[in-house]
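Examination of the molecular architecture
Listed below are the residues making up each chain.
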Amino acid sequence: MEFDSVLDCVGATPLVRLRRCFPGRDVLAKLEMLNPCGSMKDRPARYIVEQGLREGTLVPGMRLVESTSGNLGIALAVAARTHGLSFTAVVDPNTSTTNLRLLELFGADVDMVTEPDDAGGYLHTRVRRAQAHAQADPGVVWINQYANQRNWRAYYESVGAEILSAVSGPIDCLVAPVSTTGSLQGTARRLREVHPAMLVVAVDAVGSVIFGAEPGTRRIPGFGASRVPEILNAAEVDEVLHVGDAASTTGCRRLVRTEGVLGGGSSGAVISALDRLLPRLPESARVVALLPDRGERYLDTVYDDAWAEQVLRDDVGSDLAEAP
């Protein structure tokens, strides 16, 4: 099969049964790290850009801007370059050296904020900076992933449809990590059209405020958030499991040890959350889990022994906690 651009290769990621990680259980993992730019964020980046071009709200020569910790920014840089657009990634000092280098290689202009926000992080500062870029120039479009309805729609049209096409029979539960909540909600909405009784479980970070928990320090980027996304409809989520950095790290290492899948930090969080969830589900339950990104971008963190040991020391007793 031939493609006209790397963006045309987005999607059609495999579903892999995690028999070795969860013996005796039917857990199907959607390996989103196999998208061409390395994460599920390839999907909304492509969808948002191409829909905008089709509708005329974007035209070649314009500039996109977005607050990003890495994955969406990398995907937007590729989508922008492919379609004759420019892209500015608003990042902060916690952005990994690897992601900064990738953003630059893919042609993004990088604008780093250095002033922490009132929550002790940088997300609100980044969002204000991105908004300011757009307000200052009518040729600049702010993607605004936390409020952009095309975010969840991208997953509804792609991931959800792919899963329904690949899985015959019931789907009893969907488990996915959250940040903007677009991937969880878009996928769940599509799957529930066929499986209305399906349980939807969000895996959130300890220290994230998305579902009303107390704010706290988070070390793993792109997982959890210090703001509530405008696109969130919490009534569509049946259960929330909060996972700490230590448990996410342990889950990553278990996944690569048992299945040979090198997943990113939020993928490890899903593995750890499943350990808590599966004993409460019938043994016959079929679970679909979204694994968002690849682990090569975490070699200096979750896969670094010294980093992992420090996190384990700091997070003793805070691995998993249920949110209301």
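As a starting point, this report considers the structure included with it. These numbers come from a predicted model, not from an experiment.

A tally of regular secondary structure across the protein chain gives nine helices and eleven strands. At 19 Å, the protein chain has a C-alpha radius of gyration in line with the 20 Å of a compact globule built from 324 residues. Dimensions of the protein chain along its principal axes, counting C-alpha atoms only, are 55 × 45 × 35 Å. If you take every contact in the protein chain between residues at least 6 apart in sequence, the share linking residues at least 24 apart comes to 70%. Accessible surface, the protein chain: about 13500 Å² in total, of which carbon and sulfur atoms supply 50%. Averaging the positions of the 32 positive and the 41 negative side-chain charges in the protein chain gives two centres separated by 3 Å.

Right, let's talk about the pattern of salt bridges for a bit. The final tally for this structure, using the stated rule, is 23 salt bridges. Between Arg20 and Glu259 there is a salt bridge whose closest N-O contact spans 3.4 Å. Of this pair, Arg20 sits in the loop between β1 (15-17) and β2 (26-31) while Glu259 sits in helix α7 (residues 245-259), placing them 239 residues apart in sequence. Overall, the relative accessible area of 57% leaves Arg20 in the exposed class. As a salt-bridge pair, Arg189 and Glu236 come within 2.8 Å of each other at their nearest N and O atoms. Of this pair, Arg189 sits in helix α6 (residues 182-192) while Glu236 is found in the loop between β8 (199-205) and β9 (239-243), placing the two residues 47 residues apart along the sequence.

The next point concerns helix α4 (residues 123-136). Counted at 1.5 Å a residue, the expected span for α4 with its 14 residues is 20 Å, and the 20 Å between its end C-alpha atoms agrees. If you check which residues of α4 are buried, you get Leu123, Thr125, Arg126, Val127 and Ala130.

Sheets are built from strands that pair by backbone hydrogen bonding, the pairs being arranged parallel or antiparallel. Pairing is parallel in the open sheet, where four strands are placed in the order β5-β4-β3-β6. The strands lining the two open edges of the sheet, one partner per strand, are β5 (109-112) and β6 (140-142). Averaged over all neighbouring strand pairs, the angle between strand axes comes to 25 degrees, with direction disregarded. With four bridges joining them, strand β4 (residues 86-91) and β5 adopt parallel strand pairing. Following the sheet pairing, Thr88 is matched in β5 by Asp109. Lying on the sheet, helix α3 (residues 97-105) is in contact with β4 and β5; it crosses β5 at an angle near 140 degrees. Of the strands in this sheet, β3 (63-67), β4, β5 and β6 touch α4, which is tilted by about 165 degrees from β3.

Bringing the pairing of β2 into the picture now. Where burial is concerned, most of β2 is hidden: six out of the six residues are buried. Side chains of β2 alternate between two faces, with Asp26, Leu28 and Lys30 and Val27, Ala29 and Leu31 buried alike. By the bridge criterion, three bridges tie β1 to β2 in an arrangement that is antiparallel. Across the sheet, the residue bridging to Leu15 is Lys30, located in β2. Here six bridges tie β2 to strand β10 (residues 286-291), and the two strands are oriented parallel to one another. For Leu31, the partnering residue across the bridge sits in β10 and is Leu291.

Right, let's get into empty space enclosed by the protein. Counted under the stated rule, the structure contains one cavity of 30 Å³ or more. Size it by volume and the largest cavity reaches roughly 40 Å³. Residue lining of the largest cavity: Glu66, Ser67, Val127, Trp142, Asn144, Gln145, Tyr146 and Arg227, and that is the complete set. Here the residues of the lining of the largest cavity sort into three nonpolar, three polar and two charged.

Parameters at a glance
- Residues numbered from 1 in each chain as written.
- Predicted model: local features only at pLDDT ≥ 70, side-chain atom pairs only at ≥ 80, totals over all residues.
- Heavy atoms only, no water.
- Helix = DSSP H or I, 4+ residues; strand = E, 2+ residues; numbered from the N terminus.
- Rg over C-alpha atoms; globule rule 2.2 N^0.38 Å.
- Contact = heavy atoms within 4.5 Å.
- Areas by Shrake-Rupley, 256 points an atom, 1.4 Å probe, with all protein chains shown as cover.
- Lys, Arg positive; Asp, Glu negative; His and termini not counted.
- Charge placed at Lys NZ, Arg CZ, Asp CG, Glu CD.
- Salt bridge = Lys/Arg side-chain N within 4 Å of Asp/Glu carboxyl O.
- Buried < 20%, exposed > 50% of the residue type's maximum accessible area, 1.4 Å probe, protein only.
- Expected span 1.5 Å × (residues − 1).
- Pairing = 2+ DSSP bridges.
- Axes fitted to C-alpha atoms, helices over the stretch in contact; angles between N-to-C directions.
- 1 Å grid on protein atoms, 1.4 Å probe; cavity = no way out; pocket = protein on both sides within 12 Å on 5 of 7 lines; lining within 4 Å.
- Points joined across faces, edges and corners; volume = space filled by probe spheres on them.
- Nonpolar A, V, L, I, M, F, W, Y, C, P; charged D, E, K, R; others polar.

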